[in-house]
Amino acid sequence: MNTEITRLFDFAYQQLATNPQAKCFNTKVGNKWIPTSTKQYLEQANTISRALLRLGIKPNDKIAIVTSTNRVEWSVLDVAVLQIGAVNVPLYPTISSSDYQYIINHSDAVLCFVSDEELVRKVSIIKDKTQLKDLYSFDFVEGISSWSSLLELGANTSNQVEVDELKKNVSPLNLATIIYTSGTTGTPKGVMLSHKNIVENAFVSANALNFDPGNYRVLSYLPICHIFERFALYYYQFMGFEIYYAESIDKLGDNLKEVKPHFIPVVPRLLEKIYDKIVDKGSNLKGLKRILFFWSLNLGKKYRPYHENGWWYHFQLKIANKLVFSKWREALGGKIKFLVSGSAPLQPILIKVFTAANIPVFEGYGMTETSPGISINDFRNGGFKIGTVGRILKDIEVKIASDGEILVKGSNVMMGYFKEEVLTKQTIINGYLHTGDIGELDSDGFLKITDRKKEMFKTSGGKYIAPAVLESKLKESRFIEQAMVIGESEKMPAAIIQPHFEFLVEWVKRKKLDIDISSNEAIISNKKVIKRIGKEIVFANTNFGNWEKIKDFELTSEVWSIENGLLTPTMKIKRKAIIQKYKHLHDKIYQKIN
């Protein structure tokens, strides 16, 4: 491990000392990408540190940060806060004002920084119900303390000595951040991570990713408040990569083509959307082009690593890559070496197809409580196995409990849950973090996740159902965008399904059905649509045991989203929220079945 880096802000200082970058961070302004050098980055961070001290910020004070899109001010503020011994509390931009009130109060945050006017509005509503001393905005907002005013306050360097002294006194074991989990159930929990937790995980993860330090470009677009993207930013600084901030998720496609990144982390939902769009475009092709597209796609679905399919398969795959898959790579900028997927289980079919297309997808496993990495796939040394989340990272110990739960031990395991001593003791027992995930280790050391312990349920017949496995299989259908398996204490499992409306509209047009495609309600109530999705359920059921088969289903006209509270900020389904919202559909299903 690099002995010069023991605290999170050391990544930036080491880059300045050994490998300063002219384009450390890059922001799109108008039609141009404006760079921030390593030197400018740290000069601004020290300016903000001096300003924070003049505002009375002390070591261990909590600073909340919310940004709608990833931007350089976030990283500047991160260094500024951490190097004076204060604590960074990142928040999601998509949560409600009441959630802000809860987290700001629970974390004891004394200042809050937001990126723009919309977030100023959301936080201002609850500011007087918190202990916040002030609210700052990166963008200029009338009547709100500004980022530029802080730069002015910190311009005088007379207290830089105090900044340097505080920086020297920050221990690797100090609390660096409290990250509130998005939570698929219940109240958010504040995960306490030390500098050591994240730094050491960054090093073992760097060894597991097949990159040498060099002139690579990366695109930052996943929420920076999530440990996956935040860890990635530290890793990029360590490797000396050029970091480009995507303008928004809507402009991601354009930004990929402009930046031509060599690497991006992904979450399964994003990869599913990319895949769906590609297949939708292929469906609209005609004649030979359409035949070639689906021939290539079906070839990709049969992909197996390390040339297990033999020379004839790979000869055909070369043709598919030249004629079809090359266009997929161009859509991602044409330079991608590989993608790393985390945050939720990924459909194996997506790994096969993208990897066959020379866009390797390495699925990993981690959680906020483990800073985040636990395991990852990698082509080197036979370390790639589809259907698993890879081998365990160096210096991390994983064992499987008698009930199948995955237990993790290592320097990456969190300090605990903030203000939740009892919950911490229930979660970390004898040094092992109880992850809440069910899994198994195979004879080659690969970890496979089978379900969330809390999400598994029993039918009235006493059979255990692992909903995530069933949901993943259902979502392989182009007709199904989201699915939640239900049936606790009922005779048989069933599903509440949000159809893939974009695809359904195209399907309705192609079939020339008399349906009002401007109304989702009209689409889901049509008998032919219901029957067609029923066929997809029947097909998916062939992969399940008799006790697991989906007996019935109901469709929702509403698209599940972060904004309506049905998905977490990392686009995982919120089970409790969905059950509450669609209780009438749950009851309707089981009235029919029973």
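Residues numbered from 1 in each chain as written. Predicted model: local features only at pLDDT ≥ 70, side-chain atom pairs only at ≥ 80, totals over all residues. Heavy atoms only, no water.

Engineer: Looking at this structure, I do not really get the packing of helix 2 (residues 38-54) against helix 7 (residues 160-169). What am I missing?
Structural biologist: Helix-helix packing: each pair is described by the crossing angle between the helix axes and the interaxial distance. Viewed as axis vectors pointing N to C, helix 2 and helix 7 meet at an angle of 95 degrees, and their least axial separation amounts to 9 Å. Classified by the angle between their axes, helix 2 and helix 7 sit roughly perpendicular to one another. The residues of helix 7 that touch helix 2, namely those facing Asn 46, Ser 49, Arg 50 and Leu 53, are Gln 160, Glu 162, Val 163 and Leu 166. Here the contact of helix 2 with helix 7 is built from residues that sort into three nonpolar, three polar and two charged. (Axes fitted to C-alpha atoms, helices over the stretch in contact; angles between N-to-C directions. Helix = DSSP H or I, 4+ residues; strand = E, 2+ residues; numbered from the N terminus. Parallel < 35°, antiparallel > 145°, perpendicular 65-115°, else oblique. Contact = heavy atoms within 4.5 Å. Nonpolar A, V, L, I, M, F, W, Y, C, P; charged D, E, K, R; others polar.)

Engineer: Sorry, what's going on with the nonpolar core here?
Structural biologist: Buried together is how nonpolar side chains tend to be arranged in soluble globular proteins. Among the nonpolar cores identified, the biggest contains 126 residues, and Leu 52, Phe 113, Tyr 235, Tyr 236, Trp 328 and Phe 354 are the most heavily contacted of them. In terms of residue count, helix 9 (residues 227-239) provides more of this core than any other element does, nine residues in total. Counting 28 residues, the second largest nonpolar core, distinct from the first, contains Phe 479, Ile 497, Val 505 and Val 529. (Core = buried A, V, L, I, M, F, W, Y, C linked by side-chain atoms within 4.5 Å. Buried < 20%, exposed > 50% of the residue type's maximum accessible area, 1.4 Å probe, protein only.)

Engineer: Explanation requested: the packing of aromatic side chains in the structure shown.
Structural biologist: Working definition: an aromatic ring pair is given by the centre-to-centre distance plus the angle between the planes. Overall, the coordinates contain 37 aromatic pairs when judged by the stated rule. For the ring pair Phe 203 and Phe 238, a centre distance of 4.9 Å and an interplane angle of 80 degrees mean the geometry is edge-to-face. Placement of Phe 203 in helix 8 (residues 195-208) and of Phe 238 in helix 9 is noted, with a sequence separation of 35 residues between them. With relative accessibility at 7%, the residue Phe 203 sits in the buried group. With a relative accessible area of 24%, Phe 238 lands in the partly exposed category. Taken together, the ring pairs connect Phe 211, Tyr 216, Phe 231, Tyr 235, Tyr 236, Phe 241, Phe 263, Tyr 306, Phe 338, Phe 362, Phe 379 and Phe 384 into an aromatic cluster. (Phe/Tyr/Trp six-rings, centres within 6.5 Å; stacked < 30°, edge-to-face > 60°.)

Engineer: Can you help me understand a nonpolar patch on the surface in this one?
Structural biologist: Taken together, the side chains of Trp 311, Trp 312, Phe 315, Ile 319 and Leu 323 make up a nonpolar region of the molecular surface, amounting to roughly 580 Å² of accessible area. Topologically, Trp 311 is positioned in helix 13 (residues 310-331). (Patch = residues over 30% accessible without salt bridge, like charges linked within 9 Å, V, L, I, M, F, W, Y side chains within 5 Å. Areas by Shrake-Rupley, 256 points an atom, 1.4 Å probe, with all protein chains shown as cover. Salt bridge = Lys/Arg side-chain N within 4 Å of Asp/Glu carboxyl O.)

Engineer: Help me understand empty space enclosed by the protein in this model?
Structural biologist: Remark: the empty space left among the atoms is shown by a probe the size of a water molecule rolled over them. Tallied over the full model, the rule gives two cavities of 30 Å³ or more. Its boundaries defined by the atoms lining it, the largest cavity holds a volume of some 80 Å³. Around the largest cavity, the lining residues are Arg 269, Glu 272, Tyr 275, Asp 276, Gln 347, Leu 350, Lys 475, Glu 476, Ser 477, Ile 480 and Glu 481. Counting residues per element, the ones that place at least two in the lining of the largest cavity are helix 11 (268-283) and strand 25 (480-486). (1 Å grid on protein atoms, 1.4 Å probe; cavity = no way out; pocket = protein on both sides within 12 Å on 5 of 7 lines; lining within 4 Å. Points joined across faces, edges and corners; volume = space filled by probe spheres on them.)

Engineer: Can you walk me through helix 1 (residues 10-18) in this structure?
Structural biologist: One turn of an α-helix holds 3.6 residues; hence residues three or four places apart share an orientation. Within helix 1, the full set of buried residues consists of Asp 10, Phe 11, Ala 12, Tyr 13, Gln 14 and Gln 15. Against helix 2, helix 3 (72-82), helix 7, helix 8 and helix 9 lie the buried residues of helix 1.

Engineer: Got a minute to help me understand the pairing of strand 5 (residues 109-114) in this structure?
Structural biologist: Two faces make up the sheet, and in a regular strand the side chains alternate between them. Buried residues dominate strand 5, accounting for six of its six residues. One ladder, built from five bridges, connects strand 3 (residues 62-66) with strand 5; its direction is parallel. Looking at strand 5, one finds that Ile 63 is bridged to Leu 111. Both strand 5 and strand 6 (residues 134-137) contribute to a ladder of four bridges, which runs parallel. Within the sheet, the bridge partner assigned to Val 114 lies in strand 6 and is Ser 137. One crossover worth recording links strand 5 to the parallel strand 6 by way of helix 5 (residues 117-127), and it is right-handed. (Pairing = 2+ DSSP bridges. Right-handed = clockwise from strand over helix to strand, strands pointing away.)

Engineer: Would you take a moment to explain the packing of helix 3 against helix 9 for this structure?
Structural biologist: Between helix 3 and helix 9, whose axes approach to 12 Å, the crossing angle comes to 85 degrees. Comparing the axis directions of helix 3 and helix 9 gives the class roughly perpendicular. Contact residues: Trp 74, Ser 75, Asp 78 and Leu 82 in helix 3; Arg 230, Leu 233 and Tyr 234 in helix 9.

Engineer: Would you explain a positive patch on the surface in this entry?
Structural biologist: Among the surface-exposed residues, Lys 286, Arg 290, Arg 510, Lys 511, Lys 528, Lys 531 and Lys 535 lie close enough to one another that they form a single positively charged patch. Elements represented by at least two residues in the positive patch include exactly helix 17 (501-511) and helix 19 (527-541). Ranked by residue count, the leading element in the positive patch is helix 19, at three residues. Mapping Lys 286 onto the fold places it in the loop between helix 11 and helix 12 (287-301). On the basis of relative accessibility, which here comes to 69%, the residue Lys 286 falls in the exposed class. (Lys, Arg positive; Asp, Glu negative; His and termini not counted. Charge placed at Lys NZ, Arg CZ, Asp CG, Glu CD.)

Engineer: Please clarify how the sheet that holds strand 25 should be interpreted in this entry.
Structural biologist: Where strands meet in a sheet, backbone hydrogen bonds hold them as pairs that are either parallel or antiparallel. Taken in spatial order, the three strands of this open sheet run 25-26-27, and their pairing is mixed. Edge strands, defined here as strands with exactly one partner in the open sheet, are strand 25 and strand 27 (553-555). Across the sheet, the mean angle separating the axes of adjacent strands is 20 degrees when strand polarity is ignored. Against the sheet, helix 16 (residues 467-474) touches strand 25 and strand 26 (494-499), its axis set at about 155 degrees to strand 25.

Engineer: Looking at this model, I keep getting lost on the environment of Arg 71. Mind explaining?
Structural biologist: The residue Arg 71 is located in the loop between strand 3 and helix 3 in this model. Sequence-wise, Arg 71 and Asp 116 are 45 residues apart; in three dimensions their C-alpha atoms are separated by 12 Å. Contact partners of Arg 71, with chain neighbours within four places excluded, come to Ser 115, Phe 138, Asp 139 and Tyr 245.

Engineer: Explain the environment of Tyr 136 here, please?
Structural biologist: Locating Tyr 136 in the fold gives a position in strand 6. Here Tyr 136 falls in the buried class, since its relative accessible area comes to 5%. In this structure the C-alpha to C-alpha distance between Tyr 136 and Asp 514, which are 378 residues apart in sequence, comes to 54 Å.

Engineer: Hey, could you run me through unusual backbone geometry in this one?
Structural biologist: Negative phi is the rule for most residues except glycine; trans is the rule for most peptide bonds. Each neighbour pair has its own omega, and for Ser 371 with Pro 372 the value is -5 degrees, a cis peptide bond. Despite not being glycine, Asp 108 has its phi angle at roughly 65 degrees, a positive value. You can call Asp 108 partly exposed: its relative accessible area is 33%.

Engineer: I would appreciate a short explanation of the state of the cysteines in the present structure.
Structural biologist: Put plainly, two cysteines are in a disulfide when a covalent bond ties their sulfur atoms together. Per the stated rule, a full pass over the model turns up zero disulfides. The cysteine Cys 225 is free of any disulfide, with Cys 112 supplying the nearest cysteine sulfur at 12 Å. (Disulfide = S-S within 2.5 Å.)

Engineer: Is there a simple way to think about the environment of Phe 140 in this case?
Structural biologist: Position of Phe 140 relative to the elements: it lies in the loop between strand 6 and strand 7 (145-146). Phe 140 sits in the exposed class, given a relative accessible area of 63%. Taking the C-alpha atoms as reference points, Phe 140 and Pro 213, 73 residues apart in sequence, are found 37 Å from one another.

Engineer: Mind showing me how you'd approach the pattern of salt bridges here?
Structural biologist: Pairs can form between side chains of opposite charge whenever their charged atoms are close. Overall, the coordinates contain 34 salt bridges when judged by the stated rule. The shortest N-O distance in the salt bridge between Lys 385 and Asp 442 comes to 2.8 Å. Of this pair, Lys 385 sits in the loop between strand 15 (373-376) and strand 16 (391-392) while Asp 442 sits in the loop between strand 21 (432-441) and strand 22 (447-452), and the two are 57 residues apart along the sequence. Residue Glu 455 pairs with Arg 575 through a salt bridge whose shortest N-O separation is 3.3 Å. In this pair, Glu 455 is assigned in the loop between strand 22 and strand 23 (457-458) and Arg 575 in helix 20 (residues 575-581), connecting sequence segments 120 residues apart. Here Glu 455 matches Arg 575 in class, with each residue buried. It is possible to trace a salt-bridge network through shared partners that takes in Arg 269, Glu 272, Lys 273, Lys 475 and Glu 481.

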